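Structural overview for review
Read off the chains here:
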Amino acid sequence: MYVSAFFGAESGLITRERHRHALQEAQAALGRAIKVIPGREEILAEELRLASRALGRLTGKVDVEDILDVIFRDFCIGK
């Protein structure tokens, strides 16, 4: 995957599958955000949150939701 869709004419090669997947998720969410019907700000906000979360995985930002997802998935709290 080349990142020119994000940064214009300059391109770079993404070699890690994890990075490629995060960029594809962010690109898809931003593409959906652009198509949101006016008046549906909650949908727009959700798509932007998803894009931000995907980019956060690239930069190393850890979100509370990510931690809770791992806890509930891996440690079966509540069972």
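No experiment lies behind these values; they were computed from the predicted model shown.

Quick look at the overall build of the chain now. For the chain, the helix and strand inventory stands at four helices and zero strands. Along the chain direction, N to C, the helices and strands of the chain fall in the order α-α-α-α. Residue pairs at least 24 apart in sequence account for 27% of intrachain contacts in the chain once pairs closer than 6 positions are excluded. With an accessible surface of roughly 6,100 Å², the chain has 62% of that area assigned to carbon and sulfur atoms.

So, about the pattern of salt bridges. For side chains of opposite charge, pairing can occur when their charged atoms come near one another. By the definition in use, this model includes five salt bridges. With a shortest N-O distance of 2.7 Å, Glu-17 and Arg-20 are connected by a salt bridge. Taken together, the residues span about one helical turn, with Glu-17 and Arg-20 both in helix H2 (residues 17–34) at a distance of three residues. Under the relative-accessibility criterion, Arg-20 is labelled buried at 19%. One salt bridge in this structure joins Glu-47 and Arg-32, with 2.9 Å as the shortest N-O distance. Residue Glu-47 is found in helix H3 (residues 41–59), and its partner Arg-32 is found in helix H2; the two are separated by 15 residues along the sequence. Overall, Glu-47 belongs to the buried group, its relative accessible area being 12%.

What counts and how
Residues numbered from 1 in each chain as written. Predicted model: local features only at pLDDT ≥ 70, side-chain atom pairs only at ≥ 80, totals over all residues. Heavy atoms only, no water. Helix = DSSP H or I, 4+ residues; strand = E, 2+ residues; numbered from the N terminus. Contact = heavy atoms within 4.5 Å. Areas by Shrake-Rupley, 256 points an atom, 1.4 Å probe, with all protein chains shown as cover. Salt bridge = Lys/Arg side-chain N within 4 Å of Asp/Glu carboxyl O. Buried < 20%, exposed > 50% of the residue type's maximum accessible area, 1.4 Å probe, protein only.

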